[in-house]
Amino acid sequence: MSLSQVAAGLDARDPLAGKRAEFELESQMSYLDGNSLGAPPRSVAARLDEVVRKQWAGRLIRSWDEGWWQAPERVGDRIAPLVGAAAGQLVVGDSTSVNLFKALVAAVRLNPYRPEILVDATTFPTDGYIAASAARLTGHEIRRVVPEEIPAVVSERTAAALINHVDYRSGLLHDLPSLTAGLHASGALAVWDLCHSAGAVPVGLDAAGVDLAVGCTYKFLNGGPGAPAFLYVPAKWQERFDQPLSGWAGHADPFGMTEGYASAPGIARARTGTPDILSMLALDAALDVWEGVTIEHVRTKGLALGGFFLRCLDELVPGTDVLTPRDHKRGNQISVRWPDAKRVMAAMTESGIIGDFRPPDVLRFGLASLYVRYADVLRAAEFLSGWPG
């Protein structure tokens with residue numbers, strides 16, 4: 001069979017094929033950039049109209065007592081199963097960068113008298129920036145290491161390590177349980193960035209004993225541009241979680257307006273400022289697409305999409321420099337090194353195949369299982385095979 005026949009057969013048998021209709025995507029669009037910004041679920045626009053017209057305009061200030069104030073914890077509980085966490089351990093609000101700052105400072109306060117923070121040397125840049133700022137604030141040293149080296153270099157000096165679950169450039173999936181266990185063996189804490197894994201691959205936070213984690217919601221969770229991030233604080237640490245941004249929303253009595261700060265019980269103490277209600281409830285609506293779907297379903301298709309993409313590249317563009325592991329040690333993306341990658345991706349986008357570019361020469365293709373088709377990845381490989389065409 002031809003590759004187009006194989007793709008058609010795979011799409012016809014795909015148990016998640018019907019999910020694409022729940023997104024605002026043109027039928028001819030091949031959208032392979034969900035690892036940067038997820039596609040909008042159809043439910044979001046109607047929900048936001050209801051929030052604006054009925055809750056904000058209709059109920060006005062009363063809406064804070066009718067569900068708005070509780071939204072960060074409630075939406076967090078909806079995300080929790082997708083990252084392997086029990087209820088009451090995720091809160092949604094603020095950006096990934098803000099939550100990462102909270103998590104790192106809280107981690108070193110949980111593990112005092114250790115002067116070092118390990119940082120993933122391949123990390124997304126903002127993580128490194130935030131880690132450096134947190135280290136200056138707390139008087140810690142930063143040591144950058146590749147994740148695979150962490151078990152060999154962690155010591156009694158290490159307070160915590162910050163690691164990306166999926167490498168944003170290559171798509172390499174790091175071994176979260178093993179690296180977490182290696183850190184714990186030396187008494188260090190594990191802080192994970194899940195931005196490229198939440199909604200794409202099984203995470204298993206509780207099972208692995210992860211200490212703290214952050215993640216965004218606008219990639220594979222489709223929350224929309226600038227959607228609020230989440231912060232995971234397991235029950236074992238909640239009573240001692242001492243975050244540096246002690247705003248009124250994390251107060252035990254936020255409307256008491258007392259002069260002194262007292263942390264709220266449970267995960268609510270990880271909150272800081274007023275919840276961003278419009279984007280929060282847009283995210284809440286976006287999570288409806290997960291009805292009847294598990295993260296295992298998504299992962300199975302993501303691996304199959306990646307495998308088919310690699311087959312297409314091997315047959316149509318032999319010799320392509322694929323950065324992503326060919327085995328299952330990868331997230332739901334395929335990255336390739338390509339000359340003049342920026343210009344190539346611009347041309348692909350013009351043709352209706354949207355991936356993204358990372359300097360200096362990397363093309364990234366996100367495989368969001370809820371709406372990406374096998375025909376989409378074949379189309380991307382065919383474009384590359386004809387370049388320049």
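- An unreviewed UniProt entry lists the chain under the name Kynureninase, with Amycolatopsis alkalitolerans given as the organism.
- Turning to the chain, the UniProt annotation filed under Subunit (unreviewed entry) states: "Homodimer."
- Database annotation for the chain, UniProt heading Cofactor (unreviewed entry): "pyridoxal 5'-phosphate".

### Examining the packing of helix H12 (residues 341-350) against helix H13 (residues 374-385)
At step 1: Where H12 meets H13, the closest approach of the two axes is 11 Å, and the angle between their N-to-C directions is 125 degrees. Considering the angle they form, H12 stands oblique to H13. As for how H12 packs across H13, the hand of that crossing is right-handed. Contact residues: H12 offers Val344, Ala347 and Met348, while H13 offers Ala380, Phe383 and Leu384.
At step 2: Considered class by class, the residues forming the contact of H12 with H13 number six nonpolar, no polar and no charged.

### Let's talk about the nonpolar core
For soluble globular proteins, nonpolar side chains are generally found buried alongside one another.
At step 1: In this structure, Leu194, Trp290 and Phe365 are the most contacted members of the largest nonpolar core, which totals 91 residues.
At step 2: Split by domain, the residues of this core number at least three in each of domain 1 (3-31 + 292-385) and domain 2 (47-290).
At step 3: With near-sequence residues (within four places) excluded, Phe365 lies in contact with Leu32, Phe309, Asn332, Gln333, Ile334, Val336, Met345, Met348, Gly355, Ala380 and Leu384.
At step 4: Counting residues in each nonpolar core, the second largest holds 29 residues, with Ala107, Val119, Val233 and Ala270 among its members.

### Let's talk about the sheet that holds strand S7 (residues 212-215)
At step 1: An order of S2-S8-S7-S6-S5-S3-S4 is seen for the seven strands of this open sheet, with the pairing classed as mixed. Strands with a single pairing partner mark the edges of an open sheet, and in this sheet they are strand S2 (90-92) and strand S4 (141-145). Across the sheet, the axes of successive neighbouring strands diverge by a mean angle of 20 degrees, strand direction being ignored.
At step 2: Pairing of S2 with strand S8 (residues 230-232), which is carried by three bridges, proceeds in the antiparallel orientation. Within S8, the residue paired with Leu90 across the bridge is Tyr232.
At step 3: Helix H3 (residues 71-79) contacts S2 and S8 of the sheet and is inclined by roughly 120 degrees relative to S2.

Calculation notes
- Residues numbered from 1 in each chain as written.
- Predicted model: local features only at pLDDT ≥ 70, side-chain atom pairs only at ≥ 80, totals over all residues.
- Heavy atoms only, no water.
- UniProt positions renumbered as here; feature names shortened; annotations may be inferred.
- Axes fitted to C-alpha atoms, helices over the stretch in contact; angles between N-to-C directions.
- Helix = DSSP H or I, 4+ residues; strand = E, 2+ residues; numbered from the N terminus.
- Parallel < 35°, antiparallel > 145°, perpendicular 65-115°, else oblique.
- Left-handed = near helix turned anticlockwise from the far one by under 90°.
- Contact = heavy atoms within 4.5 Å.
- Nonpolar A, V, L, I, M, F, W, Y, C, P; charged D, E, K, R; others polar.
- Core = buried A, V, L, I, M, F, W, Y, C linked by side-chain atoms within 4.5 Å.
- Buried < 20%, exposed > 50% of the residue type's maximum accessible area, 1.4 Å probe, protein only.
- Domains from an automatic or database assignment.
- Pairing = 2+ DSSP bridges.

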